[in-house]
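# Tertiary structure, described
Single-letter residue listing:
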Amino acid sequence: MSMTPRSLTILGATGSVGQSTLDLVRHSNGAFCVAAVTANSSVKKLAAIAREFNARDAVIADASKYEALKSALADTDTNVSAGPEALVEAAQAPSDIVMAAIVGAAGLRPTMAAVRRGATVALANKECLVCAGDLLMEEVKRHGATLLPVDSEHNAIFQVFEAENAKSVSRLVLTASGGPFRNTATEELFSVTPEQAVAHPNWDMGAKISVDSATMMNKGLEVIEAYYLFPVEKNQIDVVVHPQSVIHSMVDYVDGSTLAQLGSPDMRVPIASCLAWPNRMHTPAERLDLQKIARLDFEAPDLVKFRCLKLAMDALQVGGAAPVILNAANEIAVEAFLTKKIGFMDIAETVEQSLTACDMKAPQSLANVFEQDNEARRITHDVIARLRKS
Ligand SMILES: NC(=O)c1ccc[n+]([C@@H]2O[C@H](COP(=O)([O-])OP(=O)(O)OC[C@H]3O[C@@H](n4cnc5c(N)ncnc54)[C@H](OP(=O)(O)O)[C@@H]3O)[C@@H](O)[C@H]2O)c1
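The paragraphs below set out a description of the structure included in this document. (Residues numbered from 1 in each chain as written. Predicted model: local features only at pLDDT ≥ 70, side-chain atom pairs only at ≥ 80, totals over all residues. Heavy atoms only, no water.)

### Some points on the overall build of the chain
Of the regular secondary structure elements, the chain holds 17 helices and 11 strands. For the chain, the C-alpha radius of gyration of 20 Å lies close to 21 Å, the compact-globule estimate for 390 residues. With the C-alpha coordinates of the chain rotated into their principal frame, the extents come out at 55 × 50 × 40 Å. When the accessible surface of the chain is summed, it comes to about 17,200 Å², and 50% of that surface belongs to carbon and sulfur atoms. (Helix = DSSP H or I, 4+ residues; strand = E, 2+ residues; numbered from the N terminus. Rg over C-alpha atoms; globule rule 2.2 N^0.38 Å. Areas by Shrake-Rupley, 256 points an atom, 1.4 Å probe, with all protein chains shown as cover.)

Take a look at the structure:
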């Protein structure tokens, strides 16, 4: 008996998570098809994806690229559109699963649109939970949407979190690889290059999240993300450095049991878990060979060397607008580092100074989040200009 394929909307189809998702569609023997794909400005890549998967819609966020995309897909049936509103429309259009894999706060509006149509949303875009965790989770409830965590740590927790025993959870433990500079002396971090920072030892990811992993801001964003995804208190989330990235995270229960999910460091595993949920699907990911791995190491994170992790954990404790400011400042600082305007250690300095300089109350609406995000970005640019002069 042939089954109707489940259709996917892939927001951020040209990125690392987007590509891994598409790879699973290729290997799914027709279990999935692609309804809509989006990108920011990568016209050629997006056109090739739309063509290969015969997508219904292809959307480019950068409106100046509309003609280029239109002509690249002129001989196909794909509907082409452009601009931020078109991105939202793509998220609203029917499909069985929305993969939210845009990087940064830019993903918030389309992700929210998908949630508001009650969609099943596989959420990779952690920044949108960091910026608008309360608002997004309220909308998930209100519209009966299903949120499935793609981030490997949160997906691991999702797989071992016994919802019926939520009150018996004593702690979530997020594992962190420690990134490429785990063993690098702090003095040497002042001179590391973007090329060194994006070379992650275990995971192959987009540039922004790779830098976030190198500063360990990524783990900090994930602590905030975990707080919104799971019914735990802020002080029930811990981080342990585990360089092999085999255990993807753990849940401690009151009886002394710790449940963990293990797997090779390949994003296709957590993505497949979301696509097939509540079932399982085959993936081409490497199988875990514990005899070959032989040992698993664990250590406490160094919150002095990796100041960004501490800043993010503090932002969660402070609450209000702090996570919005933290995220906006970090996005601007990472971009400035990648374009060699500031050094690696300036990222934490920029974020800290921006948090001090911004005086804002907790956001009350999505519009409020965007205002605060814009204002925090403006202040961060000033902070960077001052840092560059000094
Ligand atoms: N990569 C991983 O292994 C991984 C793991 C866990 C979680 N995540 C999270 O997943 C998200 C995506 O990460 P990634 O590594 O896949 O990023 P990436 O490789 O940089 O891809 C980002 C995607 O978003 C699009 N995009 C960028 N800016 C945009 C904008 N302003 N408006 C609309 N679209 C925009 C990009 O389009 P263009 O190609 O046109 O620029 C691309 O399709 C991030 O939030 C990240 O933290 C990633």
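Back to the write-up after that little detour.
### Describing the state of the cysteines
One pass over the structure, following the stated rule, counts 0 disulfides. Residue Cys33 stays outside any disulfide, its sulfur separated by 18 Å from that of Cys274, the closest cysteine. (Disulfide = S-S within 2.5 Å.)

### Brief notes about a nonpolar patch on the surface
A contiguous nonpolar surface patch, about 230 Å² in accessible area, is contributed by Leu262, Leu288 and Leu290. Along the polypeptide, Leu288 turns up in the loop between α12 (268–276) and α13 (290–293). (Patch = residues over 30% accessible without salt bridge, like charges linked within 9 Å, V, L, I, M, F, W, Y side chains within 5 Å. Salt bridge = Lys/Arg side-chain N within 4 Å of Asp/Glu carboxyl O.)

### Comments concerning the pattern of salt bridges
Counted by the stated rule, this structure contains 27 salt bridges. Taking the shortest distance from any N to any O, the salt bridge between Asp57 and Arg56 comes out at 2.9 Å. The exposure class assigned to Asp57 is buried, which follows from its relative accessible area of 13%. A relative accessible area of 32% means that Arg56 is categorised as partly exposed. Three or more residues joined by partner-sharing salt bridges are found here, namely Asp23, Arg26, Glu52, Asp266 and Arg268. (Buried < 20%, exposed > 50% of the residue type's maximum accessible area, 1.4 Å probe, protein only.)

So far we have only geometry, and geometry alone does not tell us how the molecule works.
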